Amino acid sequence: MAFNSLEYFIFLPVVFICYWFLFKKSIRGQNLLILISSYFFYGLWDWRFLFLIFASTLVDYFVGLKIHDVRQNKRKQKIWLWGSIIFNVSLLGFFKYYNFFADSFLEMFQLFGYTVKSSWTLSIILPVGISFYTFQTMSYSLDIYYKRIEPTKDLLSFATFVAFFPQLVAGPIERASNLLGQITNNRKFNYDQIVAGLKLILWGLFKKIVIADGLAPIVDDIFANYSSYPSSTLILGVTLFSFQVYGDFSGYSDIAIGTAKLFGVELMSNFKFPNFSRNVAEYWQRWHISLSTWFRHYVYIPLGGSRVSKLLSVRNICIIFLVSGFWHGANWTFIFWGAFHALAYIPIFLLGRNTIYKNTVVAQNSPLPSFKEMGQLMLTFSIVTFSRIFFRSESITDSFNFISGIFNRWEYASYEHPMGYRMTDYFILIFVFVIYEYIIRKDERNPFKFDSQIVRFLTYTLVIFAILLFYDSGFDRSFIYFQF
């Protein structure tokens, strides 16, 4: 069941009504309802993979208790912690990466002249959301090990924390210190919180249906037929993909955060207008925040972070970006994508400019960015967009052929929409979208923050009209990050 499906907008009101009107005074009743609803929500994709969520839930629930029980014995704590890590990484490794490693080994043997007659690959279906909920359960055991939280003895609450349907399949990847505490405590009906949630859902649907799905046919056509297009069209394709993937994933996160608000739960922000980043370091402080902070807390800092020598710090940065790339998918394209970002990040780190824009926004105290900031925004967007050639391509060969096409077929030719629509309309759409996001850039939680009621009403009307105009029930509307 996808957030942008009609089924979801039948499912959501039913759960909402039962949650607040049937179980308003029972926290355990609310949690049980959310848990059952979450399993139903996930099971509609493939009920067979529910056992993976059950297994991950039970393992980290008991590991968390054991780590706490043997807290006086560091060696035993490490044994239990590694049990959690090995179990979850094994799940992820088998379902997501088995065929990648099998194919890579076969290709390596062939490079050395060995003929392999049989294939070791298996027909494995990737369970939706496995990269997200395994990281979430592992973080629970890690936080107990590092004494950041106490384990819960309430299995129902913990299972609800793991399977909470608004963020189950594509994040944000939550920490127990934020989400589990809210699940174990009483939640009160808050009208303002619910209205704020509905606004985020509406804005998320706009970004997904109008921006991401609206651009998808263009991007798919250009990347599928890149060998027959000139450089101007290839640049157009990867630029529009930047907006597509942003609209798709940040739109999902907005709907997830907004849906959680309907149930009195506050999830962490996952995007803070990354297209207005002034360097690549700031970009990673604004893009997929829950994943980047996960790697920072549980990989980068334990490796020594930036507290070690410059050389070791550079090593740690490379590890983080390569692992992040590999997390996204079992393909060399993602590893190259991660390596590209490491190469873009390292000079900024060595110059000591990786945190200079933290907790600030472009044009912080003025309505318009300076010429310097405009140059920084354009350069950062160009670097990030170029990296997405690797992210979007089917193979490394396709990636480099795409890049070669940009530099070797340098000519301009007007592009015709594969469905015959006017491309000018899409350019206007993207321009208006960028301007609107610039206006609201200081508050990612309130996309309709205008003092004038008339302006708010007109904005709601235009957004709803655009969603209805672009919505196509026959179009494959799955979210891009479901494949990760």
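All of these numbers come straight from a predicted model, not from anything done at the bench. (Residues numbered from 1 in each chain as written. Predicted model: local features only at pLDDT ≥ 70, side-chain atom pairs only at ≥ 80, totals over all residues. Heavy atoms only, no water.)

*Asks:* Please provide a residue-by-residue account of the overall build of the protein chain, values included.
*Replies:* When its secondary structure is counted, the protein chain shows 17 helices and 0 strands. For 484 residues, the compact-globule estimate of 2.2 N^0.38 gives 23 Å, and the protein chain sits close to it at 23 Å. Burial analysis of the protein chain (484 residues in total) assigns 55% to the buried set. Sequence separation of at least 24 residues holds for 77% of the intrachain contacts in the protein chain that already meet a minimum separation of 6. (Helix = DSSP H or I, 4+ residues; strand = E, 2+ residues; numbered from the N terminus. Rg over C-alpha atoms; globule rule 2.2 N^0.38 Å. Buried < 20%, exposed > 50% of the residue type's maximum accessible area, 1.4 Å probe, protein only. Contact = heavy atoms within 4.5 Å.)

*Asks:* Just give me the short version of the environment of Tyr98, but keep the residues and values in it.
*Replies:* By secondary structure assignment, the location of Tyr98 is in helix α4 (residues 74-111). C-alpha of Tyr98 to C-alpha of Ala330: the two residues are 232 residues apart in sequence and 8.6 Å apart in space.

*Asks:* So what about empty space enclosed by the protein? Which residues, and what values?
*Replies:* Inspection of every chain in the model, using the stated rule, returns 6 cavities of 30 Å³ or more. In this structure, the largest cavity occupies an estimated 80 Å³ of space. Of all the elements in the fold, those that place two or more residues in the lining of the largest cavity are α8 (191-224) and α9 (231-262). Tallying contributions element by element places α9 first for the lining of the largest cavity, with 3 residues. (1 Å grid on protein atoms, 1.4 Å probe; cavity = no way out; pocket = protein on both sides within 12 Å on 5 of 7 lines; lining within 4 Å. Points joined across faces, edges and corners; volume = space filled by probe spheres on them.)

*Asks:* Any details on the packing of aromatic side chains? Residues and values, ideally.
*Replies:* Under the defined criterion, the tally for this structure stands at 66 aromatic pairs. Note on Phe334 and Phe391: the rings are 5.2 Å apart at their centroids and 85° apart in plane angle, and the pair reads as edge-to-face. Of this pair, Phe334 sits in helix α13 (residues 332-350) while Phe391 sits in helix α14 (residues 371-392); the two residues are 57 residues apart in sequence, bridging distant segments of the chain. Comparing Phe334 with Phe391 shows no difference in burial state: the two are buried. Of note, Lys96 hangs over the ring of Trp327, and the distance from its end group to the ring centre comes to 5.1 Å. (Phe/Tyr/Trp six-rings, centres within 6.5 Å; stacked < 30°, edge-to-face > 60°. Lys NZ or Arg CZ within 6 Å of the ring centre and 35° of its normal.)

*Asks:* I'd like a rundown of the packing of α13 against helix α15 (residues 396-408), residues and numbers included.
*Replies:* Where α13 contacts α15, the axes come no closer than 8 Å and their chain directions differ by 55°. It follows from the interaxial angle that α13 and α15 lie oblique. Between α13 and α15, the contacting residues are Trp332, Thr333 and Phe336 on the first element and Ile396, Ser399 and Phe400 on the second. Among the residues making up the contact of α13 with α15, the classes are represented as 4 nonpolar, 2 polar and no charged. (Axes fitted to C-alpha atoms, helices over the stretch in contact; angles between N-to-C directions. Parallel < 35°, antiparallel > 145°, perpendicular 65-115°, else oblique. Nonpolar A, V, L, I, M, F, W, Y, C, P; charged D, E, K, R; others polar.)

*Asks:* Requested: an account of the pattern of salt bridges, with residues and values cited.
*Replies:* All chains considered together, the criterion is met by 14 salt bridges. With its nearest N and O atoms 3.0 Å apart, the salt bridge here joins Arg278 to Glu282. Here Arg278 matches Glu282 in class, with each residue buried. Several salt bridges share partner residues, and in doing so they unite Arg278, Glu282, Arg286 and Glu373 into one network. (Salt bridge = Lys/Arg side-chain N within 4 Å of Asp/Glu carboxyl O.)

*Asks:* Describe a nonpolar patch on the surface, listing the residues and the values that go with them.
*Replies:* Taken together, the side chains of Ile428, Phe431, Val432, Ile435 and Ile439 define a hydrophobic patch exposed on the protein surface, amounting to about 480 Å² of accessible area. With respect to the helices and strands, the residue Ile435 is situated in helix α16 (residues 423-439). (Patch = residues over 30% accessible without salt bridge, like charges linked within 9 Å, V, L, I, M, F, W, Y side chains within 5 Å. Areas by Shrake-Rupley, 256 points an atom, 1.4 Å probe, with all protein chains shown as cover.)

*Asks:* Go over the side chain of Ser250 with me, naming the residues and quoting the values.
*Replies:* In this structure, Ser250 sits in helix α9. Among the polar contacts made by the side chain of Ser250, one reaches the main-chain carbonyl oxygen of Tyr246 at a distance of 2.5 Å. Excluding its chain neighbours within four sequence positions, the residues that come into contact with Ser250 are Lys207, Val245 and Phe271. (Polar contact = N/O pair within 3.5 Å; in protein donor to acceptor, adjacent residues only side chain to side chain.)

*Asks:* Hey, could you go over α16 for me, with residue numbers and the actual values?
*Replies:* The first and last C-alpha atoms of α16 sit 25 Å apart over 17 residues, in line with the 24 Å expected at 1.5 Å per residue. Every buried residue of α16 is accounted for by Met423, Tyr426, Leu429, Ile430, Phe433, Tyr436, Glu437 and Tyr438. Against α8, α9 and α17 (453-470) lie the buried residues of α16. (Expected span 1.5 Å × (residues − 1).)

*Asks:* Please set out a positive patch on the surface residue by residue, giving values where relevant.
*Replies:* Judged by side-chain charge, Arg71, Lys74, Lys78 and Lys147 come together as a positively charged surface patch. Its place among the elements puts Lys147 in the loop between α5 (130-145) and α6 (155-163). (Lys, Arg positive; Asp, Glu negative; His and termini not counted. Charge placed at Lys NZ, Arg CZ, Asp CG, Glu CD.)

*Asks:* Which residues make up the packing of α8 against α17, and what values do they have?
*Replies:* The N-to-C vectors of α8 and α17 enclose an angle of 45°; their axes lie 9 Å apart at closest approach. As far as their axial angle goes, α17 and α8 are oblique. The hand of the α8/α17 crossing is left-handed. Two secondary-structure elements touch here, α8 through Lys199, Leu202, Trp203, Leu205, Phe206, Ile209, Val210 and Gly214 and α17 through Tyr460, Val463, Ile464, Ala466, Ile467 and Phe470. Across the contact of α8 with α17, the residue classes break down as 12 nonpolar, 1 polar and 1 charged. (Left-handed = near helix turned anticlockwise from the far one by under 90°.)

*Asks:* Give a detailed account of the environment of Phe62, specifying residues and quantitative values.
*Replies:* Mapped onto the secondary structure, Phe62 falls in helix α3 (residues 50-69). Assessed through its relative accessible area of 47%, Phe62 is described here as partly exposed. Placed 240 residues apart in sequence, Phe62 and Pro302 show a C-alpha to C-alpha distance of 24 Å.

*Asks:* I'd like a description of the environment of Leu291, backed by residues and values.
*Replies:* In this structure, Leu291 sits in helix α11 (residues 289-300). On the accessibility criterion, Leu291 (1% relative accessible area) is buried. Taking the C-alpha atoms as reference points, Leu291 and Asp60, separated by 231 residues in sequence, lie 19 Å from one another. Ignoring any residue separated from it by four or fewer positions in sequence, one finds Leu291 in contact with Phe135, Ile173, Ser324, Trp327 and His328.

*Asks:* Residue-level account of the side chain of His341, with values.
*Replies:* In this fold, His341 is placed in helix α13. Take His341: its relative accessible area is 1%, and that puts it in the buried class. Not counting the four nearest positions on each side in its chain, His341 is found in contact with Val280, Tyr283, Trp284, Phe321, Val384 and Ser387.

*Asks:* Just give me the short version of α11, but keep the residues and values in it.
*Replies:* Inspection of α11 places Ile289, Ser290, Leu291, Trp294, Phe295, Tyr298, Val299 and Tyr300 among the buried residues, and these make up the whole buried set. In this structure, the buried side of α11 is in contact with α5, α10 (280-286), α12 (310-328) and α13.

*Asks:* Can you tell me about unusual backbone geometry, naming the residues and giving the values?
*Replies:* Following Gly171, the chain continues into Pro172 via a peptide bond in cis, with omega recorded as 5°. Among the secondary structure elements, Pro172 is positioned in the loop between α6 and α7 (179-184). The phi torsion at Phe273 lies on the positive side, around 50°, for a residue other than glycine. Among the structural elements, Phe273 can be located in the loop between α9 and α10. Its relative accessible area of 6% is what places Phe273 among the buried residues.

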